[in-house]
Amino acid sequence: MKAPDDISDYQPSDDDTDAAHYDGDDDDDNNNSLSLSATAAAGLLSPPPPVRADLDLPDGGDAAAGSTDTGTAVRSLAQLLVGRNVFLVRHGNTADTAADGGTAADDSKRKLTQRGEHQCANFLALYGDHMERIVYCLSSPTQRTVATSSFLGYPDPTRVDCLYYRTYCTDEMQKLDDMLGYAPLGDYLDYNDGYGATMYGPVRTMLGRELATALAMEFDKAETVGEFEGDVLIVTHATTISLLAMTILEACSGGGGGGGGG
């Protein structure tokens, strides 16, 4: 799969620049579109600017700190992201699995369609100027997210398992997804008088912790060669993109970076 040599031929269309869907499981990608998320909670209908974690840090650390198991100093997600732009991007349109009439052996092996490749080119045309400071790229380990990273100019992203929703999706979460489908994250969290928020609370805590660990390791490696500064690109999936946005915003506003709240 080769990235387009010249993206100037691609003009954004309503389909390809369709807004950030804060939705559920992405098994059905008929309406898939590359999307940029700045906030999960707002339910925005068009891609907003990237999150900028430029803030006064709360005193002390929090539950979104990195793990000492890696030999890395424990730092909160807010401390790691202060002063950086964070781009949260959902993968482009993908083909189905064999079970759904496609050719992919399983969900993680699904490939970008030609439309998905065009969405990446359109995304670069729209946001390329804002992405010039990106140094760090994290991706879920699936074929479609790694390919999206490559088309956006980052052919060897750091694979982070928790960015793939199937690594944490329980049977109960899957049933809720089957029930709600492509719906705003708020619908999931508000389900059954807030039970959804309780169910996804541990996931948000886990995402904050694992993201902080991965970023700390990346920054420490870069610091050894004198390249610490730079923005962050994270390529992931539906639902996860919204949970990540919510986790990052709460951590950087002193809200704790996860937990059981709505």
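Higher on the page you've got the structure.
Residues numbered from 1 in each chain as written. Predicted model: local features only at pLDDT ≥ 70, side-chain atom pairs only at ≥ 80, totals over all residues. Heavy atoms only, no water.

Participant: When you look at the pattern of salt bridges in this model, what are you seeing that I'm missing?
Facilitator: Note on pairing: side chains with opposite charge can pair once their charged atoms come close. Applying the stated rule across the entire model yields eight salt bridges. With its nearest N and O atoms 3.0 Å apart, the salt bridge here joins Arg144 to Asp107. Linking Arg144 in helix α3 (residues 143-151) with Asp107 in the loop between β3 (85-90) and α2 (114-127), this pair joins segments that are 37 residues apart in sequence. Ionic pairing is found between Glu218 and Lys221, a salt bridge with its closest N-O pair at 3.0 Å. Placement of the pair is Glu218 and Lys221 together in helix α5 (residues 185-223), with a separation of three residues, close to one helical turn. By relative accessible area, Glu218 is classed as buried at 14%. (Salt bridge = Lys/Arg side-chain N within 4 Å of Asp/Glu carboxyl O. Helix = DSSP H or I, 4+ residues; strand = E, 2+ residues; numbered from the N terminus. Buried < 20%, exposed > 50% of the residue type's maximum accessible area, 1.4 Å probe, protein only.)

Participant: Explain the side chain of Thr148 here, please?
Facilitator: Topologically, Thr148 is positioned in helix α3. A polar contact is formed between the side chain of Thr148 and the backbone nitrogen of Gly92, at a distance of 3.3 Å. (Polar contact = N/O pair within 3.5 Å; in protein donor to acceptor, adjacent residues only side chain to side chain.)

Participant: So what exactly am I meant to see when it comes to the packing of α5 against helix α6 (residues 240-252) here?
Facilitator: Helix-helix packing is described using two parameters, namely the angle between the two axes and the distance between the axes. Across the interface, α5 lies against α6 with an axial gap of 9 Å and an inter-helix angle of 70°. Comparing their axes, α6 and α5 come out roughly perpendicular. Contact residues: α5 offers Leu185, Leu189, Tyr200, Val203, Arg204, Leu207, Gly208 and Leu211, while α6 offers Thr240, Ser242, Leu243, Leu244, Met246, Thr247, Ile248 and Glu250. The residue inventory of the contact of α5 with α6, partitioned by class, reads ten nonpolar, four polar and two charged. (Axes fitted to C-alpha atoms, helices over the stretch in contact; angles between N-to-C directions. Parallel < 35°, antiparallel > 145°, perpendicular 65-115°, else oblique. Contact = heavy atoms within 4.5 Å. Nonpolar A, V, L, I, M, F, W, Y, C, P; charged D, E, K, R; others polar.)

Participant: What should I look at first to understand the packing of aromatic side chains in this one?
Facilitator: The relative placement of two aromatic rings is captured by the distance of their centres and the angle of their planes. The full count for this structure, using the stated rule, is four aromatic pairs. With a centroid separation of 4.8 Å and an interplanar angle of 45°, the aromatic rings of Phe123 and Tyr127 are classed as tilted. One end of the pair is Phe123 and the other is Tyr127, both in helix α2 and four residues apart, which spans about a single turn. Owing to a relative accessible area of 13%, Tyr127 belongs among the buried residues under this scheme. (Phe/Tyr/Trp six-rings, centres within 6.5 Å; stacked < 30°, edge-to-face > 60°.)

Participant: Sorry if this is basic, but what is going on with the environment of His118 here?
Facilitator: By the element assignment, His118 lies in helix α2. Overall, His118 belongs to the partly exposed group, its relative accessible area being 25%. Residues His118 and Asn93, 25 residues apart in the sequence, show an inter-C-alpha distance of 9.2 Å.

Participant: How should the pairing of strand β6 (residues 231-236) be read in this particular structure?
Facilitator: Regular strands place side chains that alternate from one sheet face to the opposite one. The buried fraction of β6 is high, at six of six residues. The two faces of β6 match: Asp231, Leu233 and Val235 on one face and Val232, Ile234 and Thr236 on the other face are all buried. As paired elements, β3 and β6 share five bridges and run parallel to each other. Note that in β6 the partner of Val86 across the bridge is Val232. Here five bridges tie strand β4 (residues 134-139) to β6, and the two strands are oriented parallel to one another. Bridge pairing in β6 places Tyr136 opposite Val232. (Pairing = 2+ DSSP bridges.)

Participant: Could you clarify how one ought to interpret unusual backbone geometry in this entry?
Facilitator: Phi is mostly negative for residues that are not glycine, and the peptide bonds are mostly trans. We note that Asn192 has phi near 55°; this positive angle belongs to a residue other than glycine. Non-glycine residue Thr239 carries a positive phi angle of around 70°. The residue Thr239 is located in the loop between β6 and α6 in this model.

Participant: Just to check I follow, could you spell out the packing of helix α4 (residues 171-180) against α5 for this structure?
Facilitator: At their nearest, the axes of α4 and α5 sit 11 Å apart, and the two run at 145° to each other. For the pair α4 and α5, the crossing hand works out as left-handed. Residues Glu172, Met173, Leu176, Asp177, Met179 and Leu180 of α4 touch α5, and the partners they reach there are Asp187, Tyr188, Tyr191, Tyr195, Met199, Tyr200 and Val203. When grouped by side-chain class, the residues that make up the contact of α4 with α5 number ten nonpolar, no polar and three charged. (Left-handed = near helix turned anticlockwise from the far one by under 90°.)

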